[in-house]
Amino acid sequence: MLQRRKFLQLSSLGLGAFSFSGFTKDKTATRKPIVISTWDAGIAANAAAWKVLGKGGRALDAVEQGVMVTEASQNCCVGLGANPDRDGFVTLDSCIMDENANCGSVAFLERIKHPVSVARRVMEKTPHVMLVGSGAQQFAVEEGFTLEPQKLSDDAKKSYEQWLKKSEYKPMINIENTNKKQTAFVPTKFDNGEWNHDTIGMVAMDAAGNLSGSCTTSGMGFKMRGRLGDSPIIGAGLFVDNEVGAATATGQGEDVIRICGSHLVVELMRQGLSPENACKKAVERIIKIKGAKAKEIQVGFIAINKQGEYGGYCIQKGFNFAVCYADDKNFMVDGKYII
Ligand code: ASP
């Protein structure tokens, strides 16, 4: 990405500190619209979200359309092209939340290209928050979503075949190769060919000052069949409070659920913490619970507040997120880390 290259050049000249520290220079001004999202795929997703936000559109539409780009990518770690569960099936989880605390979620959803849009329909067309498994799929089909073929992408097939050799059931640490020079989004893989992360979380504030968020994932690669992580769970993988701010999570979902991670980040911002410090405190809480085992996992949080300040924090080096607040400002930020 051109913008990313420019940003990297500025950083190497020591001129990028403003971007790394977030919007902290003038506490009275509000930066809006703004959208942030997890990992490198966030650049393309933010660009799609910005098409909505830049024209004065609603944050809810932006966070749906943004992550749909990632879901549609067959060459990615999110959506139907992603890694399957250990039985060889891709199962998708997603949620969405708006400025009025309306929320919708789908989990363990198979053969549907855009789980985030199904989550939005759950929010808008049912009295419920969450639909799962065959019920979620049935609802999606009734709503006119196409049932896609049950077929692994070429990349996922290769990864799965590789994984089957050992069939070792062990959670992976999510690490983005931030040193690699990238001119377009290329999902980073481990040496053994496995994707290193499986989620995009996005939070945005529109020109009217309203907040929304979305989160969508294929979940942990080669997970047990039926396993859900944090991503479709309101309060864990995503939380929005229009009075305060919005947060989303990525990484080891079980440990995000344990602390109601995204809700915690928003509540810490309510107490006056900046987005970055709120994310840091949430990460510290996980580290306290996990003790020495914290170094075996990765969790990253990102957040924005009503002033349009943004921030992120993770357990260990290797997490990054994309920030966009103007036509020519869509850039990666390396998450600060504790271990
Ligand atoms: N949080 C997701 C999960 O646990 C995985 C990820 O963020 O990579 O399902």
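Student: Please clarify how the sheet that holds strand β4 (residues 130–132) should be interpreted in this entry.
Tutor: Each strand in a sheet pairs with its neighbour through backbone hydrogen bonds, running either in the same direction (parallel) or in the opposite one (antiparallel). Taken in spatial order, the eight strands line up as β4-β3-β2-β6-β5-β1-β11-β12 in an open sheet, and their pairing is mixed. The open sheet terminates on both sides in strands that have one partner only, identified here as β4 and β12 (329–334). Adjacent strand axes in the sheet meet at a mean angle of 10 degrees when their direction is disregarded. On top of the sheet, helix α4 (residues 59–72) reaches β2 (92–97), β5 (199–205) and β6 (211–217); it is set at about 155 degrees to β5, its chief contact. With respect to the sheet, helix α6 (residues 133–142) is in contact with β3 (103–109) and β4, its orientation differing from that of β3 by roughly 115 degrees.

Student: Where do I start with the packing of aromatic side chains in this structure?
Tutor: Each aromatic ring pair is specified by the distance between its two centres and by the angle formed by the two planes. The full count for this structure, using the stated rule, is seven aromatic pairs. For the ring pair Tyr310 and Phe321, a centre distance of 6.5 Å and an interplane angle of 75 degrees mean the geometry is edge-to-face. With a gap of 11 residues between them, Tyr310 in strand β10 (residues 310–314) and Phe321 in strand β11 (residues 320–326) connect regions that are remote in the sequence. Taking the centre distance of 5.8 Å and the plane angle of 85 degrees together, the rings of Tyr325 and Phe331 count as edge-to-face. Residue class for Tyr325 comes out buried when judged on its relative accessible area of 14%. Look at Phe331 and you get buried, because its relative accessible area is 4%. Ring pairs connect the aromatic residues Trp39, Tyr310, Phe319 and Phe321, which therefore count as one cluster.

Student: I'm lost on the side chain of Ser94 in this one. Help?
Tutor: Relative to the assigned elements, Ser94 resides in strand β2. Polar contacts involving the side chain of Ser94 include one to the main-chain amide nitrogen of Val116, which spans 3.4 Å. Polar contacts involving the side chain of Ser94 include one to the main-chain carbonyl oxygen of Cys215, which spans 2.9 Å. Excluding residues that lie within four positions of it along the chain, Ser94 makes contacts with Glu71, Gly104, Ser105, Val106, Pro115, Val116, Ala119, Cys215, Thr216 and Pro232.

Student: Even after reading the chapter, I still don't get the nonpolar core, so can you show me in this structure?
Tutor: Counting 48 residues, the largest nonpolar core has Ile34, Ile36, Val265, Phe301, Ile304, Tyr310 and Val323 as the members making the most contacts within it. Counting residues per element, this core draws most heavily on helix α10 (residues 275–290), which supplies six residues. When near neighbours in sequence (up to four residues on either side) are disregarded, Ile34 contacts Trp50, Leu53, Val203, Ala204, Met205, Ile304, Gly308, Tyr310, Val323, Cys324 and Tyr325. Counting residues in hydrophobic clusters, the runner-up holds 30 residues, among them Val35, Leu53, Ala62 and Phe139.

Student: I'm lost on the environment of Ala204 in this one. Help?
Tutor: Tracing the chain through its elements places Ala204 in strand β5. Look at Ala204 and you get buried, because its relative accessible area is 0%. Residues Ala204 and Gly245, 41 residues apart in the sequence, show an inter-C-alpha distance of 9.3 Å. With near-sequence residues (within four places) excluded, Ala204 lies in contact with Ile34, Val35, Leu53, Ala59, Val63, Asn210, Leu211, Ser212 and Ile304.

Student: Explanation requested: the pattern of salt bridges in the structure shown.
Tutor: Oppositely charged side chains can pair when the atoms bearing their charge come close. Overall, the coordinates contain 20 salt bridges when judged by the stated rule. Put simply, Glu124 and Arg120 hold a salt bridge, and the shortest N to O gap is 3.0 Å. Here Glu124 and its partner Arg120 are both found in helix α5 (residues 115–125), four residues apart, which amounts to about one turn of the helix. Overlapping salt bridges bring together Asp61, Glu64, Arg120 and Glu124 as one network.

Thresholds, definitions, all that
- Residues numbered from 1 in each chain as written.
- Predicted model: local features only at pLDDT ≥ 70, side-chain atom pairs only at ≥ 80, totals over all residues.
- Heavy atoms only, no water.
- Pairing = 2+ DSSP bridges.
- Helix = DSSP H or I, 4+ residues; strand = E, 2+ residues; numbered from the N terminus.
- Axes fitted to C-alpha atoms, helices over the stretch in contact; angles between N-to-C directions.
- Contact = heavy atoms within 4.5 Å.
- Phe/Tyr/Trp six-rings, centres within 6.5 Å; stacked < 30°, edge-to-face > 60°.
- Buried < 20%, exposed > 50% of the residue type's maximum accessible area, 1.4 Å probe, protein only.
- Polar contact = N/O pair within 3.5 Å; in protein donor to acceptor, adjacent residues only side chain to side chain.
- Core = buried A, V, L, I, M, F, W, Y, C linked by side-chain atoms within 4.5 Å.
- Salt bridge = Lys/Arg side-chain N within 4 Å of Asp/Glu carboxyl O.

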